Number of protein chains: 2
Amino acid sequence: MAANPLIRSSRPRSRWAAGLPAVTAEQIIDRALELTAEHGLDGWTLRQLAAAIEAYPAVIYHHIGDREAVVLGVLERVVGMMPLPPGDLPWRDWFRVLVGELRTVLRGYPGVAHRLAVYGPTVQGAVPIIDRGVRLLQDAGFGKESVLAYSMILSTACQFVSVEDERRRGAMDRTRMVDVFGEYRDNADMPGLAAMGAFAYELAENPEKIAGYYASLYDYAVERTLDGVAQRLEDLTDRP
Amino acid sequence: MAANPLIRSSRPRSRWAAGLPAVTAEQIIDRALELTAEHGLDGWTLRQLAAAIEAYPAVIYHHIGDREAVVLGVLERVVGMMPLPPGDLPWRDWFRVLVGELRTVLRGYPGVAHRLAVYGPTVQGAVPIIDRGVRLLQDAGFGKESVLAYSMILSTACQFVSVEDERRRGAMDRTRMVDVFGEYRDNADMPGLAAMGAFAYELAENPEKIAGYYASLYDYAVERTLDGVAQRLEDLTDRP
DNA sequence: ACCTGAACACCGTTCAAGT
DNA sequence: ACCTGAACACCGTTCAAGT
């Protein structure tokens, strides 16, 4: 049978034959970063990533490795975007600025906060942040507790962004909360539940307030955490 | 062709024909709970669960619904195991006891803490805990902030257990941390990193200390959080 | 060295058909 | 009502073979 005349040229059977440049690891991570910004770190598959760079899945294995290796590449990139706050700030202000930037950056890459909370400091790009942060705590007087305090603060920040990521993804519908608490809203016998119910209603009726709620929960958590750590420093230095 | 004489009776073509009782939703969740205790909430598949109850996957859909519905069933069961601390405790002690029990229960069902941090209070079984907790904060003087403070404390607790779950699952190898920080251990120019490196070494060389480390990180996070919240109460009531 | 194309061993989910 | 058995549309990963 003769070749179909409607097909002008048969599809080249290799990137090389098509005149395409070889794929690089950097390009793959570039594209994975974009897909993560669009759909979250768990919102794309290796096959979709391969399609996005117009290659076969095996090409990703050849240049980078398995999905986990690609994810680590994305983590490094995102951590690299984190600015280092000025080193002359008092420790509390330094951490306040850091976690403020942290949320801004991580909200652009849903799912990264979760991995960061777990892998935490094992990401190479975090090295300057860790050194500066731990040193500020050491200089402030936390002594051997500095590493623990640092881990707690950063972990808490990443965890709250992570929960925000997943709730935005729709893991918890707004309606679910009203379903569960609605009936208790005016229950005078259960004032604690009534308060939670009223709160759920307010968010359900004013969906535009949800973003603001996440921001204020984050700020609240960060401030309480820093308050608690500052309190600990007082206890440590008052009676040494 | 005659029936193979080695097969005494042909396999019954239905549970009913085999004399097996009908599967119930309760049994399915029972088994899902056991699988979660063994392999974590993300460590079993619907097909494995179906095999465990000697049924087809479609049977689970018939009685319960999709995988998410099964997971919600497991969440309810685990939350139901949480004891309610005595109501006459001061708020701080009440929460300290609650989150202590929380970790004990949740560590037995890896992955549940993560879902709880996200779905949080939308689980029916949490209703008594929420009412008591929020009410204690209201009575202590947190006013309209009570719901926020409650959410922050419980969320923080669940999140730290969740990170512990995933690290235990091996998401972060112990060696990775040494790989990243090992070279900085004696670096006098980077004392913050050196402290982190020394810490990583200690855990890598004494793996039996890891469980203790998670416990102490959890306790540290809980105490700092409660300190921070208590500090906030002082600020709220000193100048009302 | 880099890529192709197919295969393997899985998933969650759906559905017509049986009892 | 409850279950069977197969099918559908996916996954991540591997690998011999091509260029």
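Only a predicted model underlies this, so the values are computations on that prediction, with no experimental measurement involved.

Some words on the overall build of chain A
Looking only at helices and strands, chain A has 11 helices and zero strands in total. N-terminal to C-terminal, the α/β element order of chain A is α-α-α-α-α-α-α-α-α-α-α. Taking 240 residues into account, the globule formula puts the C-alpha radius of gyration at 18 Å, and chain A, at 24 Å, lies well above it. Structurally, chain A occupies a C-alpha span of about 90 × 50 × 25 Å along its principal axes. Counting over 240 residues, chain A shows a buried share of 48%. For chain A, contacts bridging at least 24 residues in sequence account for 68% of all contacts bridging at least 6. Carbon together with sulfur atoms contributes 53% to the accessible area of chain A, which is approximately 12000 Å² in total. In chain A, 26 positive and 32 negative side-chain charges are present, and the distance between their average locations comes to 8 Å.

Here we look at the interface of chain A and chain B
With 56 residues of chain A in contact, the opposing surface of chain B contributes 56 residues. When chain A packs against chain B, close to 5300 Å² is buried across both sides, 67% of that on carbon and sulfur atoms. When the buried surface of chain A facing chain B is broken down by residue, Val118, Thr122 and Tyr220 of chain A rank first, second and third, together holding 12% of it. Inspection of the chain A/chain B interface yields zero salt bridges. At the junction of chain A with chain B, the criterion picks out 14 residue pairs in polar contact (both at pLDDT 80 or more).

What about unusual backbone geometry?
All names here are of chain A. Look at Glu54: it is not a glycine, yet its phi comes out positive at around 55 degrees. Relative to the helices and strands, Glu54 is located in the loop between helix 2 (46-52) and helix 3 (57-63). With relative accessibility at 63%, the residue Glu54 sits in the exposed group.

Let's talk about the relation of the copies chain A and chain B
In screw terms, the move from chain A to chain B is a rotation of 180 degrees and a rise of 0.0 Å along the axis, fitting with an RMSD of 0.0 Å. The operation mapping one copy onto its partner corresponds to a two-fold rotation axis. Nearest to the rotation axis, the C-alpha of Gly228 of chain A is located 1.9 Å from it, this being the minimum over chain A. A shared interface surface links the copies, since 100% of the contact residues of chain A are contact residues in chain B too.

Things to note about the UniProt feature "DNA-binding region" (unreviewed entry) in chain A
The feature "DNA-binding region" (unreviewed entry), as annotated in UniProt, sits at residues 45-64 of chain A in this numbering. The span residues 45-64 of chain A carries 70% helix and 0% strand; its end-to-end C-alpha distance comes to 15 Å.

Overview of the packing of aromatic side chains
With the rule as written, the count across this model stands at 10 aromatic pairs over all chains. Taking 4.9 Å as the distance between ring centres and 80 degrees as the angle between the ring planes, the aromatic pair formed by Trp94 of chain A and Phe95 of chain A counts as edge-to-face. The residues Trp94 of chain A and Phe95 of chain A share a single accessibility class, namely buried. Ring geometry for Trp91 of chain B versus Phe142 of chain B: centroids 5.4 Å apart, planes at 85 degrees, classification edge-to-face. Of this pair, Trp91 of chain B sits in helix 5 (residues 91-106) while Phe142 of chain B sits in helix 7 (residues 127-142), and the two are 51 residues apart along the sequence. What links up through ring pairs into an aromatic cluster is the set Trp94, Phe95 and Tyr150 of chain A. Taking NZ or CZ as reference, Arg67 of chain A lies 4.1 Å from the ring centre of Trp44 of chain A, over its face. A cation over an aromatic ring shows up here: Arg185 of chain B above the ring of Tyr201 of chain B, its NZ or CZ 3.6 Å from the ring centre.

Observations concerning the nonpolar core
Grouped together as the largest cluster of nonpolar side chains are 152 residues, with contacts concentrated most on Trp91 and Phe95 of chain A together with Trp91 and Phe95 of chain B. When sequence neighbours within four positions are dropped, the list of residues in contact with Phe95 of chain B reads Gly133, Leu137, Tyr150, Ile153, Leu154 and Leu226 of chain B.

Examining the side chain of Ser151 of chain B
By the secondary structure assignment, Ser151 of chain B is in helix 8 (residues 146-168). Ser151 of chain B has contacts with Met196 and Tyr213 of chain A, leaving out every residue within four places of it along the chain.

Some remarks on the packing of helix 7 of chain B against helix 11 (residues 210-238) of chain B
Each pair of packed helices can be summarised by the angle the axes make with each other and by the distance between the axes. Residue and element names in this part refer to chain B. The interhelical angle for the contact between helix 7 and helix 11, taken along N-to-C directions, is 45 degrees, at an axis separation of 10 Å. Put simply, helix 7 runs oblique to helix 11. Across the interface between the two elements, Ala140, Gly141 and Phe142 of helix 7 pack against Val229, Leu233, Leu236 and Thr237 of helix 11. By residue class, the composition of the contact of helix 7 with helix 11 is five nonpolar, two polar and no charged.

Some words on the domain arrangement of chain A
Residue and element names in this part refer to chain A. Taken domain by domain, chain A consists of domain 1 (19-78) and domain 2 (82-232). The gap between the C-alpha centroids of domain 1 and domain 2 is 29 Å. Taken together, the contacts link 13 residues of domain 1 with 14 residues of domain 2. Counting each side, the surface lost to burial between domain 1 and domain 2 is near 1100 Å², with a carbon and sulfur contribution of 64%. It is Leu75, Glu76 and Val78 in domain 1 that bury the most area against domain 2; as a group they hold 49% of the surface buried on that side. Applying the counting rule to domain 1 against domain 2 returns one salt bridge. In this structure, Glu68 and Arg115 form a salt bridge, with 2.7 Å as the shortest nitrogen-oxygen distance.

Parameters and conventions
- Residues numbered from 1 in each chain as written.
- Chains lettered and ligands numbered in written order.
- Predicted model: local features only at pLDDT ≥ 70, side-chain atom pairs only at ≥ 80, totals over all residues.
- Heavy atoms only, no water.
- Helix = DSSP H or I, 4+ residues; strand = E, 2+ residues; numbered from the N terminus.
- Rg over C-alpha atoms; globule rule 2.2 N^0.38 Å.
- Buried < 20%, exposed > 50% of the residue type's maximum accessible area, 1.4 Å probe, protein only.
- Contact = heavy atoms within 4.5 Å.
- Areas by Shrake-Rupley, 256 points an atom, 1.4 Å probe, with all protein chains shown as cover.
- Lys, Arg positive; Asp, Glu negative; His and termini not counted.
- Charge placed at Lys NZ, Arg CZ, Asp CG, Glu CD.
- Buried area = accessible area lost by both parts, 1.4 Å probe.
- Salt bridge = Lys/Arg side-chain N within 4 Å of Asp/Glu carboxyl O.
- Polar contact = N/O pair within 3.5 Å; in protein donor to acceptor, adjacent residues only side chain to side chain.
- Least-squares fit on C-alpha atoms with pLDDT ≥ 70 in both.
- UniProt positions renumbered as here; feature names shortened; annotations may be inferred.
- Phe/Tyr/Trp six-rings, centres within 6.5 Å; stacked < 30°, edge-to-face > 60°.
- Lys NZ or Arg CZ within 6 Å of the ring centre and 35° of its normal.
- Core = buried A, V, L, I, M, F, W, Y, C linked by side-chain atoms within 4.5 Å.
- Axes fitted to C-alpha atoms, helices over the stretch in contact; angles between N-to-C directions.
- Parallel < 35°, antiparallel > 145°, perpendicular 65-115°, else oblique.
- Nonpolar A, V, L, I, M, F, W, Y, C, P; charged D, E, K, R; others polar.
- Domains from an automatic or database assignment.

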